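Geometric and topological summary
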Amino acid sequence: MSKIQSMRALALPVVLAAAGALSAGCGDGSDSGGGAAALDRSKVVAILGTETFADQPAPDPRMVELGRKLYHEQRLSKQGNLSCASCHDLSKYGQDGEPTSPGSTGERGDRNSPTSINAFRQLAQFWDGRAATVEDQATGPVMNPIEHGLATEAELVGILEGDDAYVAAFKECFAGESTPITLANFGKAVGAFERTLKTHSRFDDYLDGDDDALTAAEKAGLQTFLDVGCVQCHMGRTVGGTMYRKLGERVPFETADKGRGAHTGNAAEDYMFKVPMLLNVAETAPYFHDGSVATLEEAVRLMGKHQLDVELSDAQIASIVTFLKALTGELPPN
Ligand code: HEC
Ligand code: HEC
């Protein structure tokens, strides 16, 4: 177990205990969220204030610059027409607004592109968590036939070796290595850049002590989010990204994708997905692992039904959406 992973294993029970304490006795979902006055900021901080995986290594600035360039490099694709930014556009909150994304040859996969912004703050990467870190994740798309579509690592290395600026930058970042240009080092550089992709919202200001950072309507929405039980799964500073849960936990959800079960081969994990972070969620439609849900209101309604077995009223849905919009932060420089 790496240091990060072992810290992760320790961090979760603490957050879960805080969630249990907060939701005890207030989970019937009948309050449509008039309780803003009763909102106790210290309790909110206990459950949503923790950066669950705070022990992230600070990236080397030279590596960040190399990673930024690689993130936008279209030459690293089969038809020279696509980069990470094609599906994770940083001017569109790290995604592309499509249900599923066309790769270099136009072919689409089965899953929605999640945002790359704040992604490094989660317990693992991909909807099924099959990559541990953003560094590991970044080595995947380049050889994926329906994404960048390069044939081999040698093809990637060949393209980068043909550019003197890349040769110099890899040599500087991976000094002392006999072959600085490798797929793994590509991943390290792109990952370093991704670790700078972080947003800060008015909700963070609220958690940090500014009671007035949220409007009364947003606080009411937060109260509803807590009362109906969304926070059982969407917790921590990232309001998600800390655990895997079954989609359709209370009422089955129709999908062919077995999620984490398909990756691990463990039937007990069938239909489990990483609970997505809700930071900037108002800007990242469409929703769900398959991009099948067009609006945030519909996503919230389906969550009530399938995850909590609660028929949320239109007023409750609107209230929660008002809160979720306060999770939008300013875009990081790209
Ligand atoms: C053709 C579109 C496409 C391209 C190009 C692409 N991605 Fe993705 N990315 C996706 C899809 C789709 C997923 C989700 C796949 C899954 O979960 O199985 C994903 C997942 C991710 C995740 C995980 C986020 C999370 O919350 O789990 C990160 C980080 C990411 N991509 C970064 C990158 C980087 C870096 C590159 C360039 C090296 C890249 N992607 C290239 C479509 C793309
Ligand atoms: C039992 C755990 C659980 C509960 C409770 C829960 N969620 Fe979720 N949520 C998930 C999972 C898992 C997904 C991923 C769904 C998928 O893979 O298609 C998700 C997805 C979402 C999404 C879509 C995000 C995206 O980027 O596609 C939103 C929005 C959301 N939840 C909001 C809520 C709200 C609001 C509530 C309370 C009404 C709630 N959730 C309750 C587990 C939960």
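Residues numbered from 1 in each chain as written. Chains lettered and ligands numbered in written order. Predicted model: local features only at pLDDT ≥ 70, side-chain atom pairs only at ≥ 80, totals over all residues.

Digging into the overall build of the chain
So the rule is basically this: Starting at the N terminus, helices and strands are each numbered in turn, a helix being any DSSP run of H or I of at least four residues and a strand any DSSP run of E of at least two. Three exposure classes are used. Buried residues have 20 or more other C-beta atoms within 10 Å of their own C-beta, exposed residues have 12 or fewer, and partly exposed residues fall in between, all C-beta atoms being placed from the backbone. Note that contacts rest on C-beta atoms placed from the backbone: two residues are in contact if these are within 7 Å.
From N to C terminus, the chain includes 13 helices and two strands. Among the 334 residues that make up the chain, the fraction classed as buried is 44%. Within the chain, residue pairs in contact and separated by at least 24 positions form 72% of the contacts whose partners lie at least 6 positions apart.

Quick look at the site of ligand 2
We count it as follows: Only the C-beta atom matters for this test: placed from the backbone, it must lie within 6 Å of a molecule or strand for the residue to be near it. Classes in brief: Ala, Val, Leu, Ile, Met, Phe, Trp, Tyr, Cys and Pro nonpolar; Asp, Glu, Lys and Arg charged; the others, Gly included, polar.
Inspection of the region around ligand 2 gives 27 residues, with Cys 230, Cys 233, Phe 273, Phe 288 and His 289 positioned closest. Of the residues forming the shell around ligand 2, the biggest block, seven residues, is contributed by helix α12 (residues 296-308). Across the shell around ligand 2, the residue classes break down as 18 nonpolar, seven polar and two charged.

Observations concerning the nonpolar core
Test applied: Joining buried Ala, Val, Leu, Ile, Met, Phe, Trp, Tyr and Cys residues through C-beta atoms within 7 Å gives a set, and that set is a nonpolar core.
Formed by 32 residues in total, the largest nonpolar core has its most connected members in Phe 225, Leu 278, Val 300, Leu 324 and Leu 327. Looking at this core, the elements that each hand over two or more residues are α2 (41-48), α9 (202-207), α10 (216-228), α12 and α13 (314-325). Other than its neighbours up to four places away in sequence, Leu 278 contacts His 234, Val 239, Gly 240, Leu 324 and Leu 327. Counting 28 residues, the second-largest nonpolar core is a separate cluster that includes Tyr 71, Leu 76, Phe 186 and Ala 189.

Concerning the site of ligand 1
Around ligand 1, 26 residues are found, and the nearest of them are Cys 84, Cys 87, Phe 126, Trp 127 and Pro 141. Broken down by secondary-structure element, the contributors of at least two residues to the shell around ligand 1 are α4 (84-87) and α5 (134-138). In the shell around ligand 1, the residues fall into 13 nonpolar, eleven polar and two charged.

Describing the packing of α10 against α13
Selection criterion: Angular values range over 0 to 180 degrees, each being the angle between N-to-C directions of two axes fitted as lines to C-alpha atoms, with helices fitted over their stretch in contact. The labels follow the angle: roughly parallel below 35 degrees, roughly antiparallel above 145, roughly perpendicular from 65 to 115, and oblique for the rest. Should the near helix be turned counterclockwise from the far one by less than a right angle, the crossing is left-handed, whereas a clockwise turn marks it as right-handed.
Where α10 meets α13, the axes come as close as 7 Å, and the angle between the chain directions of the two elements is 115°. Classified by the interaxial angle, the pair formed by α10 and α13 is roughly perpendicular. Of the two elements, α10 crosses α13, and the hand of that crossing is left-handed. Of the residues in α13, those in contact with Ala 217, Glu 218, Ala 220, Gly 221, Leu 222, Thr 224, Phe 225 and Val 228 of α10 are Gln 316, Ser 319, Ile 320, Thr 322 and Phe 323. Looking at the contact of α10 with α13 residue by residue, the classes come out as seven nonpolar, five polar and one charged.

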